[in-house]
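Summary of structural features
Listed below, chain by chain, are the residues.
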Amino acid sequence: AVVSTQSTGVCSISLSNLNIYACLVCGKYFQGRGKNTHAYTHSVHNNHHVYLNLHTLKFYCLPDNYEIIDATLEDIKFVLKPTFTQQEIVALRTNQKVCKALDGTSYYQGIQGLNNIKANDYMNVILISLCHVMPIREYFLEESNYSNTKLPHGSIMFPLIQRFGDLVRKLWNPRNFRSHISPHEMLQAVVLCSKKRFQFTEQGDPVPFLSWLLNSLHYTLTGGKIKKRSVVFDTFQGEMLIHSRKVPPPGERGTGEEFKTVTTKSPFLHLMLELPAAPLFSDDSDNNIIPQVPIYKLLEKYNNLTEIEHKTYEATYLRRFEITKLPRYLILSIKRFTENRFFVEKNQTIVNFPISFDMAEFIETKVSDKYKSTEYNLLSNICHDGPAKGGTYPTHLHLASANQWFELQDLHVTKLQPQMITLSESYIQIYERADFSVDNKMST
């Protein structure tokens, strides 16, 4: 049997996670190896003799209790705890390697399905997309970057970066036994660290999960000092100015101090795009045609010219958004769902978007002049298929080193033509700035 390398090391009898050994014959986990322990008893009753300590990664023969030193077992060690040299990490930028699993299936390194344990596909698409963001991948492939992180006393957040790092390394492991990965340990860390806000037993929304995950990774990597920089904020954080003015009541001129424009500086990790309202009635031929809108129209919200109405209980405000700093990786989230006390409604408007677009027309010239390029290339496109409640979350992922698009939905991985991507009901998009692409990275 193949040892399950992606599930939590818990004894199948005592349910303890201390001093766990994996039976390499049947793949089950047992505690201890001395006399009267569960592993010892299993070796005698079932005639299974080779065991691996999940902590020390040493092999033992039971019940004789001696260490086995054999080079042929090194592959099992590597699958349990893959490691990467700095040269191997850099080589992933241009690597086009096709790997083979034990069952003979082939897979591109980094392109593997994630198990949907029950209803965690909304987490899977976020996790696998972040694993393909170059700075995030290269940071977490080297465990020493975060293994010594110190958190405030009593914090429960450390398992989050530990398990996320494990997931990144297992996803990019070229010697996996299977062509898919189970994110079970990472999901358990999410449930623990989010205090059960995000569950893998019931469907959730990937947008709030993405926002929570990025902020939580930043908080943990900085040791709870959120004003410090981290690889997460260096990669995804941009800045904008919000110009807000209060709308005077009908019949008033609004000349007082409270009606003057107030400008505030605000960082952002993703930009929310609002869709136009869906049509309520059918057209002349009695067909309810799904409307379409170009993404450029949605991005006009941030051009410092368009005023957006914002209502509160006390007053109405008009806001303009001016982007002053472009992030290395731009995340766009499209607001498709409207929720009230009674139901959740989905806007099925198709957003027409290119694989590459230029942000120069939405920012001031003085801002665009700071960058070598303001063009962004699509890296990941997360969609929602099906009704508002439920549905599935497939993702379209671009493997830059092979210049190939893939569609991933749970364990299913298929190659995709770029022309098919724009036909989907896009929900979250991750773009890479052109001056931070693989080609430019290699030239530096």
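For the structure itself, consult the block above.
Residues numbered from 1 in each chain as written. Predicted model: local features only at pLDDT ≥ 70, side-chain atom pairs only at ≥ 80, totals over all residues. Heavy atoms only, no water.

1. Quick notes on the environment of L330
- Within the secondary structure, L330 is located in strand β16 (residues 329-335).
- Residues L330 and K415 lie 85 residues apart in sequence; the distance between their C-alpha atoms is 24 Å.
- What L330 contacts, discounting residues up to four positions off in sequence, is F268, L271, F357, M359, Y376, Q429, I430 and Y431. (Helix = DSSP H or I, 4+ residues; strand = E, 2+ residues; numbered from the N terminus. Contact = heavy atoms within 4.5 Å.)

2. A look at the packing of aromatic side chains
- What the rule picks out here adds up to 17 aromatic pairs.
- Each ring, one from F209 and one from W212, has its centre 6.3 Å from the other, and the planes form 25°; the classification is stacked. Linking F209 with W212, this pair stays in helix α8 (residues 206-221), spanning 3 residues, or about one helical turn. Across the pair, W212 and F209 agree in class, each one buried.
- One aromatic cluster in this structure is built from Y296, F357, F362, Y376 and Y431.
- Its guanidinium or amino end placed over the ring of Y60, R33 lies 3.9 Å from that ring's centre, counting from NZ or CZ.
- Over the ring of W172 we find R137; its NZ or CZ atom is 4.8 Å from the centre of that ring. (Phe/Tyr/Trp six-rings, centres within 6.5 Å; stacked < 30°, edge-to-face > 60°. Buried < 20%, exposed > 50% of the residue type's maximum accessible area, 1.4 Å probe, protein only. Lys NZ or Arg CZ within 6 Å of the ring centre and 35° of its normal.)

3. Observations regarding the pairing of strand β1 (residues 20-23)
- Burial along β1 is two-sided: the residues I20 and A22 and Y21 and C23 are all buried.
- Both β1 and strand β2 (residues 29-31) contribute to a ladder of 3 bridges, which runs antiparallel. Residue Y21 lies in a different strand from β2, and its bridge partner there is F30.
- Hairpin remark: β1 followed by β2, antiparallel, with 5 residues in the connecting loop; positive phi at G27, about 85°. (Pairing = 2+ DSSP bridges.)

4. Remarks on the packing of helix α6 (residues 158-171) against helix α7 (residues 184-193)
- Across the interface, α6 lies against α7 with an axial gap of 9 Å and an inter-helix angle of 160°. Taken together, the axes of α6 and α7 are roughly antiparallel relative to one another. Handedness of the α6/α7 crossing: left-handed. Where α6 approaches α7, its residues P159, L160, R163, F164, D166, L167 and K170 are matched on the opposing element by E185, M186, A189, V190, L192 and C193.
- Along the lines of polarity and charge, the residues of the contact of α6 with α7 split into 9 nonpolar, no polar and 4 charged. (Axes fitted to C-alpha atoms, helices over the stretch in contact; angles between N-to-C directions. Parallel < 35°, antiparallel > 145°, perpendicular 65-115°, else oblique. Left-handed = near helix turned anticlockwise from the far one by under 90°. Nonpolar A, V, L, I, M, F, W, Y, C, P; charged D, E, K, R; others polar.)

5. Description of the pairing of strand β25 (residues 426-433)
- A large share of β25 lies buried, amounting to 8 of its 8 residues.
- Summarising the sheet, β16 and β25 pair through 5 bridges and their orientation is antiparallel. Each residue of the ladder has a partner; that of I331, found in β25, is I430.

6. A look at empty space enclosed by the protein
- Throughout the structure, instances matching the rule amount to 4 cavities of 30 Å³ or more.
- Considering only enclosed or pocket space, the largest cavity measures out at about 80 Å³ in volume.
- Around the largest cavity, the lining residues are Q112, G113, L114, D121, N124, V125, I128, Y393, T395, L408, Q409 and D410. (1 Å grid on protein atoms, 1.4 Å probe; cavity = no way out; pocket = protein on both sides within 12 Å on 5 of 7 lines; lining within 4 Å. Points joined across faces, edges and corners; volume = space filled by probe spheres on them.)

7. Regarding the sheet that holds strand β14 (residues 308-311)
- Across the sheet, 4 strands lie side by side as β11-β10-β15-β14; this open sheet has antiparallel pairing. Each having just a single partner strand, β11 (262-268) and β14 make up the two edges of the open sheet. Along the sheet, successive strands turn relative to each other by an average axial angle of 35°, direction set aside.
- Pairing between strand β10 (residues 238-246) and β11: 7 bridges, direction antiparallel. Bridge pairing in β11 places E239 opposite P267.

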